[in-house]
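Notes for the structure review
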Amino acid sequence: MNAGKPIEKHSAQQALRLKWIPDRSVSYGVCITFENENSVNEVKYEVKVSRLKPGSNNEPLFLIERTSEVFVNEGIPELVADRLAYEAGKVFYPLVISVDNNGGFERVYNHEEIIKRWPKIKSKLLSNFDGEMTDYYIANMEKLLAIPLNVTNVFGKNDWLINTFFKPLYKVYQKDKIEKMAFPILNNSNVDNYLIAEKFDKNPNSFGVIEVLHEGNIELENTDNFEQAFGNYQGRYFLHPKYKYIISLMSDFSISRYINAKVKVRIFMVPEDGRDFDYDFLSTFDENNTISSRSVILDGPPQKSFWERLLNF
């Protein structure tokens, strides 16, 4: 018998578990803002995220589909290099990923399907672009696609949707425990982790959503002493009280190294066609029926929308 420190036990109320029903889809608007001393750039697009049935090894799977163009500063990318990268990147969607039991991204699951799409995408690139730059992009894309792990690494290390939406939220939360999480805050950087304190209230707030809060700083011991990096992160997740999928998230990142940079990620659930989204998530409702905000009683000034009151605007 172990005579050391007893194992701390946690009640079921302290555990957060995803109850997203397979084959159910939720649409989201994504807005990512990149700031440094010289510029501010904003990227916007819409996606549909679907929970799939488990994979061959019973791993949780999700389908991600882009349902809009990707807008950079309210427009379609104009530079040839940006357009090439954008058009070549379409080969990845629809994207199927696997996650661990806590909801954290593991790998790209549909690599074989992506490979099969490539000849059609390549043909379009050759029809619409020419020159050395085109050859360069095609060669690098084919080199990337050849190895499944490379494709997984591209999303795991660089994609902001993957790095914020698919984080290990669904687990037992232990008081005062610090988690390590990586984010693509700075390219070509050896900043590996943020040390993050997490907190969630098992009881829905007055608007009927569950909140998960993140607050942390860059792990200093893993940075280059010659170019010490400093930075912080704050994340705020709003989850459906029953199914626990993300309704919205807001994440703010900063880093100060040889430059000062900030990234802001905003992901919001888009209401389904014919549904008024201004309702209390704790109210009893039929998922298959349209719901009007008039059918429930909400706190706060009636002239404010759900999002305004939720975010204290």
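The following refers to the structure shown. (Residues numbered from 1 in each chain as written. Predicted model: local features only at pLDDT ≥ 70, side-chain atom pairs only at ≥ 80, totals over all residues. Heavy atoms only, no water.)

1. Digging into the pattern of salt bridges
For side chains of opposite charge, pairing can occur when their charged atoms come near one another. Defined as follows: Salt bridges are defined by distance alone: a side-chain nitrogen of Lys or Arg within 4 Å of a carboxyl oxygen of Asp or Glu. Secondary structure elements are taken from DSSP: a helix is a run of H or I of four residues or more, a strand is a run of E of two residues or more, and numbering for both begins at the N terminus. Three labels apply to residues, based on accessible area from a 1.4 Å probe with only protein chains included: buried if under 20% of the type maximum, exposed if over 50%, partly exposed otherwise in between.
Inspection of the entire model under this criterion finds 14 salt bridges. As a salt-bridge pair, glutamate 65 and lysine 48 come within 3.9 Å of each other at their nearest N and O atoms. In this pair, glutamate 65 sits in strand 3 (residues 61-66) while lysine 48 sits in strand 2 (residues 40-52), placing the two residues 17 residues apart along the sequence. Since its relative accessible area comes to 22%, glutamate 65 is described here as partly exposed. The salt bridge involving lysine 90 is made with glutamate 87; its shortest N-O contact spans 3.2 Å. In this structure lysine 90 comes out as partly exposed when scored by relative accessible area, which is 32%. Salt bridges sharing partners connect three or more residues here, namely Lys171, Lys177, Glu179 and Glu198.

2. Concerning the packing of aromatic side chains
The cut-off we apply is this: Centre distance within 6.5 Å is the pairing criterion for rings of Phe, Tyr and Trp, where only the six-membered ring of Trp is used; planes under 30 degrees apart are then read as stacked, over 60 as edge-to-face, and the remainder as tilted.
If you walk through the whole model with that rule in mind, you get 17 aromatic pairs. Note on phenylalanine 183 and phenylalanine 253: the rings are 4.6 Å apart at their centroids and 55° apart in plane angle, and the pair reads as tilted. Placement of phenylalanine 183 in the loop between strand 7 (178-181) and strand 8 (194-200) and of phenylalanine 253 in strand 11 (residues 246-256) is noted, with a sequence separation of 70 residues between them. Looking at phenylalanine 253, the relative accessible area reads 2%, which means it is buried. Taking 6.2 Å as the distance between ring centres and 70° as the angle between the ring planes, the aromatic pair formed by tyrosine 194 and phenylalanine 253 counts as edge-to-face. Highlighted residues: tyrosine 194 in strand 8 and phenylalanine 253 in strand 11, separated in sequence by 59 residues.

3. Quick word on the pairing of strand 5 (residues 95-99)
Using the following cut-off: Only when DSSP finds a minimum of two bridges between them are two strands counted as paired.
For strand 5, a buried count of five out of five residues is recorded, marking the element as mostly surrounded by other parts of the structure. Judged by which residues are buried, strand 5 turns out to be covered on both faces: Leu95, Ile97 and Val99 on one side and Val96 and Ser98 on the other are all buried. Direction of pairing for strand 3 relative to strand 5: antiparallel, over a ladder of four bridges. When the bridges of strand 5 are listed, leucine 63 appears paired with valine 96. Where strand 5 lies against strand 6 (residues 105-108), three bridges are found, and the strand directions are antiparallel. The residue of strand 6 that forms the bridge with serine 98 is arginine 107.

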